[in-house]
Amino acid sequence: MTAQQTELRNLPPDLKPEFLPKHVAVIMDGNGRWAKRQGLPRIMGHKRGVDALKDLLRCCKDWGIQALTAYAFSTENWGRPSEEIDFLMTLFQRVLRQELREMLEENVQIRFVGNLSVLPKALQEEISRSMEQTKDNYSIKFTVATNYGGRQEIIQACRSIANKVQQGLLQPNEIDEAIFEHHLYTTGICDPDLLIRTSGEMRVSNFLLWQIAYAEIYITETLWPDFNRKEFHRALCAYQQRERRFGKV
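Residues numbered from 1 in each chain as written. Predicted model: local features only at pLDDT ≥ 70, side-chain atom pairs only at ≥ 80, totals over all residues. Heavy atoms only, no water.

Right, let's talk about the pattern of salt bridges for a bit. Under the definition given, this model contains 16 salt bridges. The partner of Lys54 in a salt bridge is Glu99, and the shortest N-O contact between them spans 3.0 Å. In this pair, Lys54 is assigned in helix H3 (residues 42–62) and Glu99 in helix H4 (residues 82–105), connecting sequence segments 45 residues apart. Given a relative accessible area of 31%, Lys54 falls into the partly exposed group. A salt bridge links Arg229 to Asp55; the shortest N-O distance between them is 3.2 Å. Here Arg229 is found in helix H8 (residues 229–240), whereas its partner Asp55 is found in helix H3, with 174 residues between them in sequence. Note on Arg229: relative accessible area 2%, which makes it buried. One connected set of salt bridges, linked through shared partners, spans Asp29, Arg33, Arg197, Glu201 and Arg203. (Salt bridge = Lys/Arg side-chain N within 4 Å of Asp/Glu carboxyl O. Helix = DSSP H or I, 4+ residues; strand = E, 2+ residues; numbered from the N terminus. Buried < 20%, exposed > 50% of the residue type's maximum accessible area, 1.4 Å probe, protein only.)

Now the structure itself:
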């Protein structure tokens, strides 16, 4: 553990525990640009990005945040060079295998959401194993969106509900937000209170389109591999200055 991590292990005094977000979602953008600025291949940016995510997960756990969701690989990312995609799939698999014991020790519940059926078989097996072994952990819910797209998630939910209506298991007038949410990948996880996007891009990129309806959005110019606990602290300070009215006065 670094000196910086030790220093920030406890909640900073200027943050109010009662006003912390319960669920933080992150769009981890800028790995490739970080690597380019360092004169390194893009894959090194992804490796450094994994370290940043691990530290953020531990920070959320230390500071009492109940859930963290990370956008790891979108449905649109299949358009990247095949070498980069192959590296990412191998990286996901290796990280899961290496970090499972630590997640068990730290009581982390890990969950993957998205269309996982098209991922490499070996990666699917690691995902299933990690979710099964951590399913009863409760210190923090860590969700990894992999081959995920918000529009696709909504479409599959609609199809699932339509099938139930067709089978006579559900009446159209019974469909409400609770029913719809039950058919999303993220069922059982509270909606994000705070969405963080790194690298300065001002868009949500098809991420959790239903779930972020009332999330506070925080954009930082910092590239993801450089997003550390001090940057997260700044994001939480900004969040606690927001007035969350949810459409009310």
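There is more to say after this.
Here the focus is the environment of Phe232. Tracing the backbone through its elements, the reader meets Phe232 in helix H8. In this view, Phe232 contacts Val24, Leu56, Cys59, Cys60, Trp63, Ile65, Ile196 and Phe227; residues no more than four positions away in its chain are not counted. (Contact = heavy atoms within 4.5 Å.)

So, about the pairing of strand E2 (residues 67–74). Look at any regular strand and the pattern is simple: side chains alternate between the two faces of the sheet. Judged by how many residues are buried, E2 sits mostly within the fold: 7 of 8 residues are covered. As defined by bridge partners, E2 adjoins strand E4 (residues 140–148) across 7 bridges and the pair is classed as parallel. What sits directly across from Ala70, in E4, is Val144. (Pairing = 2+ DSSP bridges.)

Our focus in this paragraph is the nonpolar core. Core analysis: the largest hydrophobic core is formed by 43 residues, its most contacted members being Val26, Leu68, Phe142, Ile196 and Phe232. No other element matches the 7 residues that H4 contributes to this core. Judged by nonpolar contacts, the second largest core, of 11 residues, contains Ala25, Val113, Leu195 and Leu208. (Core = buried A, V, L, I, M, F, W, Y, C linked by side-chain atoms within 4.5 Å.)

The relative placement of two aromatic rings is captured by the distance of their centres and the angle of their planes. According to the stated counting rule, one finds 9 aromatic pairs in the structure shown. Arranged with centres 5.9 Å apart and planes meeting at 5°, the rings of Trp63 and Phe232 form a pair that is stacked. Highlighted residues: Trp63 in the loop between H3 and E2 and Phe232 in helix H8, separated in sequence by 169 residues. Each member of the pair, Trp63 as well as Phe232, carries the same accessibility label: buried. With a centroid separation of 4.2 Å and 10° between ring planes, the pair formed by Tyr71 and Phe207 is classed as stacked. Of this pair, Tyr71 sits in strand E2 while Phe207 is found in the loop between strand E5 (194–197) and strand E6 (216–219), placing the two residues 136 residues apart along the sequence. (Phe/Tyr/Trp six-rings, centres within 6.5 Å; stacked < 30°, edge-to-face > 60°.)

Of all residues in the chain, 95% have pLDDT values of 70 or greater, and the mean over the chain is 93. Counting interchain partners and residues more than four positions distant, the pLDDT-below-50 stretch residues 1–8 has 9 contacts. (pLDDT = per-residue confidence, 0-100.)

Within a sheet, adjacent strands bond to each other through the backbone by hydrogen bonds, running parallel or antiparallel. An order of E3-E4-E2-E1-E5-E6 is seen for the 6 strands of this open sheet, with the pairing classed as parallel. The open sheet terminates on both sides in strands that have one partner only, identified here as strand E3 (108–113) and E6. Each adjacent strand pair in this sheet contributes to an overall mean axis angle of 20°, direction not counted. Sheet analysis places E5 next to E6, joined by 4 bridges and oriented parallel. Bridged to Leu195 within E6 is Ile217. (Axes fitted to C-alpha atoms, helices over the stretch in contact; angles between N-to-C directions.)

What follows is about H4. Relative to the 34 Å expected for 24 residues at 1.5 Å per residue, H4 spans 35 Å between its end C-alpha atoms, a close match to the ideal helical length. At Glu99, H4 is deflected by roughly 45°, the largest bend along its length. Restricting attention to buried positions, one finds in H4 the residues Glu84, Ile85, Phe87, Leu88, Met89, Leu91, Phe92, Gln93, Leu96, Glu99, Leu100 and Met103. Here the buried face of H4 lies against H3, E2, E3, helix H5 (121–134) and E4. Just beyond H4, the residue with positive phi is Asn107, at close to 65°. (Expected span 1.5 Å × (residues − 1). Bend = angle between axes of the 7 residues up to and from the residue.)

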